[in-house]
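# Residue-level structure breakdown
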Amino acid sequence: WNTSPSLSEAPWYFQAGEYLFCMFFTFEVSVRFLAFKYKRDCLRDFWFCFDSFLVAFMLLDAFLFPVLFAPLPSEDGEEDGRAGNQSLSSLSMLRMLRLLRLTRM
């Protein structure tokens with residue numbers, strides 16, 4: 001399946017799937033936030049806080065980490081790869097928790 005070390009090197013359909021899930025879950029959390037009459041009440045809802053935390057990390061993983069951990073070019077012009085090949089498996093586990101949370105419903 002996907003053997004690429006990072007999302008930016010993966011085939012387009014893996015990238016499209018990642019971004020579609022990211023948009024869907026961001027939309028879901030946004031709608032749930034807007035549903036609160038008093039916005040402060042969202043901090044009292046444990047599942048909302050948990051889902052918001054997971055969506056925030058999903059956004060970081062999809063948009064910020066590829067920029068921050070991009071392979072650094074070395075002096076000879078080739079990619080150094082010091083930062084680009086770092087494992088982000090803990091974020092994948094958070095994503096799995098998010099999917100597990102969906103089965104609760």
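Residues numbered from 1 in each chain as written. Predicted model: local features only at pLDDT ≥ 70, side-chain atom pairs only at ≥ 80, totals over all residues. Heavy atoms only, no water.

## A short note on the packing of helix α1 (residues 12-35) against helix α2 (residues 46-68)
This is how it is decided: The axes are straight lines fitted to the C-alpha atoms, using for helices just the contacting stretch, and the angles between their N-to-C directions are given from 0 to 180°. A helix here means a DSSP run of H or I that spans at least four residues, while a strand means a run of E at least two residues long, and both kinds are numbered starting from the N terminus. Crossings are assigned a handedness: left-handed for a near helix turned anticlockwise from the far helix by less than a right angle, right-handed for a clockwise turn. In this description, contact between two residues means that some pair of their heavy atoms is separated by no more than 4.5 Å.
As a packed pair, α1 and α2 sit with axes 10 Å apart at the nearest point and diverge in direction by 145°. Here the hand of the crossing between α1 and α2 comes out left-handed. Together, Glu 18, Tyr 19, Phe 21, Cys 22, Phe 25, Thr 26, Val 29, Arg 32 and Phe 33 of α1 and Trp 47, Phe 48, Asp 51, Ser 52, Val 55, Met 58, Leu 59, Asp 61, Ala 62 and Phe 63 of α2 make up the contact between the two elements.

## Digging into the confidence of the model for the chain
Here is the rule we go by: Per-residue confidence from the predictor is reported as pLDDT, which spans 0 to 100.
Averaged over all residues, the pLDDT of the chain is 80; the fraction at 70 or higher stands at 74%. Across residues 81-86 the pLDDT falls below 50, and counting only partners more than four positions away or on other chains, this stretch makes ten contacts in the model.

## Quick word on the pattern of salt bridges
Selection rule: In the sections that follow, a salt bridge refers to a side-chain nitrogen of Lys or Arg positioned within 4 Å of a carboxyl oxygen of Asp or Glu. Residue burial is assigned from relative accessible area. The probe radius is 1.4 Å, only protein chains are included, and a residue is buried under 20% of its type maximum, exposed over 50%, and partly exposed in between.
Under the criterion given, the structure shown has three salt bridges. Put simply, Asp 51 and Arg 32 hold a salt bridge, and the shortest N to O gap is 2.5 Å. Within this pair, whereas Asp 51 is found in helix α2, its partner Arg 32 is found in helix α1, the two being separated by 19 residues in sequence. The shortest N-O distance in the salt bridge between Asp 41 and Arg 44 comes to 3.1 Å. Residue classification places Arg 44 among the exposed positions, given a relative accessible area of 69%. Overlapping salt bridges bring together Glu 28, Arg 32 and Asp 51 as one network.

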